[in-house]
Amino acid sequence: MPKNAVRCIIFFYLLWISAVHFLGISQVQASQDTPTKSLVTGIRYWSGPTHTRIVIDLDHEVSYQDHLLKEDDVLKKPPRLYIDLTVAKLSPHLKEPIPIEGGLLKRVRAGQYNPHTVRVVLDLESVATYKTFPLSDPFRVVIDVLGTAPAPIAQQEETSQPPQPRQSKSITIVIDPGHGGEDPGAIGPTGLKEKDVVLKLSQRVRDKINKKLGWDVIMTRDDDRFIPLDERTAIANSKNADLFLSIHANACTDRRICGIESFVLGTTTDKVALRLAAKENNISTKQVSDLQVILADLKLNDPHKVIPSNLLADCVQGSLVKDLQHYGQVRDLGVKQAPFVVLIGAEMPSILVEVSFISNPREEKRLRNPRYLNALADAIVDGLKQYAHGVKMITDYQPSLSASTALSSN
Ligand SMILES: [Zn+2]
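Residues numbered from 1 in each chain as written. Predicted model: local features only at pLDDT ≥ 70, side-chain atom pairs only at ≥ 80, totals over all residues.

(A) How the structure looks around unusual backbone geometry. With an omega of -5°, the peptide bond between Thr-86 and Val-87 qualifies as cis. Backbone torsion omega between Asp-137 and Pro-138 reads 0°, so that peptide bond is classified as cis. Position of Pro-138 among the secondary structure elements: in the loop between strand 9 (129-135) and strand 10 (140-146). For Lys-76, which is not glycine, the phi torsion reads 55° and is therefore positive. By the secondary structure assignment, Lys-76 is in the loop between strand 3 (63-69) and strand 4 (80-86). Under the C-beta neighbour-count criterion, Lys-76 is labelled exposed, with 7 such atoms within 10 Å. One non-glycine residue, His-179, lies in the positive phi region at around 65°. Relative to the helices and strands, His-179 resides in the loop between strand 11 (172-177) and helix 3 (194-213). Overall, the presence of 24 C-beta atoms within 10 Å leaves His-179 in the buried class. (Helix = DSSP H or I, 4+ residues; strand = E, 2+ residues; numbered from the N terminus. Buried ≥ 20, exposed ≤ 12 C-beta atoms within 10 Å, placed from the backbone.)

(B) Broad picture of the sheet that holds strand 14 (residues 260-265). Taken together, the 6 strands give an open sheet; going across it, the order is 12-11-13-16-14-15, and neighbouring strands pair in mixed fashion. The open sheet has two free edges, formed respectively by strand 12 (216-219) and strand 15 (332-338), since each of these has just one partner strand. On average, each strand axis in the sheet is tilted by 25° relative to the strand beside it, whichever way the strands run. Direction of pairing for strand 14 relative to strand 15: parallel, over a ladder of 6 bridges. Bridge pairing in strand 15 links Ser-262 to Val-335. Of the strands in this sheet, strand 11, strand 12, strand 13 (243-250) and strand 16 (350-357) are in contact with helix 3, which crosses strand 13 at around 145°. (Pairing = 2+ DSSP bridges. Axes fitted to C-alpha atoms, helices over the stretch in contact; angles between N-to-C directions. Contact = placed C-beta atoms within 7 Å.)

(C) Region of interest: the nonpolar core. Core analysis: the largest hydrophobic core is formed by 95 residues, its most contacted members being Val-40, Leu-201, Val-316, Leu-320, Phe-340, Ile-351 and Ile-380. The residue makeup of this core includes at least three contributed by each of domain 1 (38-147) and domain 2 (172-408). (Core = buried A, V, L, I, M, F, W, Y, C linked by C-beta atoms within 7 Å. Domains from an automatic or database assignment.)

(D) Layout of the pairing of strand 4. Where strand 3 and strand 4 come together, 7 bridges link them in antiparallel fashion. Looking across to strand 4, one finds that Tyr-64 is bridged to Leu-85. Looking at chain direction, strand 4 and strand 8 (residues 117-124) are connected through 7 bridges and run antiparallel. Counterpart to Asp-84 in the pairing with strand 8 is Arg-119.

(E) Summary view of helix 5 (residues 271-281). Among all positions in helix 5, only Ala-273, Leu-276, Ala-277, Glu-280 and Asn-281 are buried. The buried residues of helix 5 all sit within an arc of 125° when viewed along its axis, so they share a single face. On its buried side, helix 5 packs onto helix 4 (229-238), strand 13, helix 6 (285-297) and strand 15. Asn-282 lies just past helix 5 and shows a positive phi near 60°. (Arc of directions from axis to C-beta.)

(F) Focus on the sheet that holds strand 1 (residues 38-47). The strand order across the open sheet formed by 5 strands is 5-1-2-10-9, and the pairing between neighbours is mixed. Either end of the sheet is taken by a strand with one partner, and the two such strands are strand 5 (88-90) and strand 9. Pairs of neighbouring strands in the sheet enclose a mean axial angle of 30°, with direction left out of account. As judged from the 7 bridges shared by strand 9 and strand 10, these two strands associate in the antiparallel manner.

(G) How the structure looks around helix 4. In terms of burial, helix 4 is largely enclosed, as 9 of its 10 residues are buried. When helix 4 is considered as a whole, its buried residues turn out to be Leu-229, Asp-230, Arg-232, Thr-233, Ala-234, Ile-235, Ala-236, Asn-237 and Ser-238. Looking one or two residues past helix 4, Asn-240 carries a phi angle of roughly 55°, positive in sign.

(H) Spatial organisation of the confidence of the model for the chain. Overall, the predicted model of the chain reaches an average pLDDT of 86, with 82% of residues at or above 70. Of the regions scoring below 50 in pLDDT, residues 153-160 engages in 1 contact with residues more than four places distant in sequence or in other chains. Here residues 401-410 scores under 50 on pLDDT; set against residues more than four positions off or in separate chains, the count is 19 contacts. (pLDDT = per-residue confidence, 0-100.)

(I) Representation of the environment of Gln-329. Structurally, Gln-329 can be placed in the loop between helix 7 (303-323) and strand 15. The exposed category is assigned to Gln-329, around which 11 C-beta atoms lie within 10 Å. Taking the C-alpha atoms as reference, Gln-329 lies 10.0 Å from Arg-362; in sequence the two are 33 residues apart.

Take a look at the structure:
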């Protein structure tokens, strides 16, 4: 064989070895560099005249960015809000647009914008304000769209008519029995489940509100079923409720701890309150710390919401402690703030009440007693009545102000 031919064979052999080696490494490198795609598994929504909540469910955490686009007269496109989720893949069953009736949105649609990005687009009726925030375990992105309901057509046509006196609207309250279904909540020393006792109590509260106050009551659940926390708030917003009351039973590893406490939404440094929030939110204490950062970003210090919620908590807590004193040893643990997911985004005065410690043997025994549940329900209803009376006194005194404005001015 000529020398040149041998050299040529050796050269191509080395070239082939190098190519195989290089490609092999590249493939390994590529598989190492390609991040795992999260699957967008669902898009849920609740829509009302002035508030729509969209929740995008994923199987893993992603980063996301939101953008608001104004109406495009040339392209005849409505205002749009879109969210890009990266690195993500769209589940095939979500490719059809979801029409949304009677709210601030026309529809929601999702698509694989590029190999790494899923884009979820909200076609809006008009430009609205919105908030987005992530929640964990399971990871989801919540989008709250807020706006003003368009006036009914009949009303628009009759603008020349003199204004009619406003009808006083009945109060609507959402009662939220904590937990349910696969989530039992806390369990007492003799096996009493929080989900069962808070449902029984909430049903008593509903019946007594109907009888004593004549308000409209909406229950987030009326049987033993699981409802995600973000859905509970969304129900209250989409129904334009005036008040939101979430009812729970407390628990502590130290079974001697007992008492009643009420919460409004907020951040806290109190370790006991943070542990309780982790338990009620069904997330880790680390995830509660992340939630506190999100809450700070959402700027939840709007006095129009904070002050009425605190007043509502004061009235219900005060009434519970006072009315149950005859049971003896009822500890008043006060009104506090903590990052409860079920209160995030609620557009009305909203509180979470821990009516007793199910982990304390004496209080667990009481919670099994229908008479004690009746006494708790009566006390809660008395607290609600006091709150409504306080708001009415302020609005009557300053009739030009709405209830929340009046409350915020005190
Ligand atoms: Zn609970």
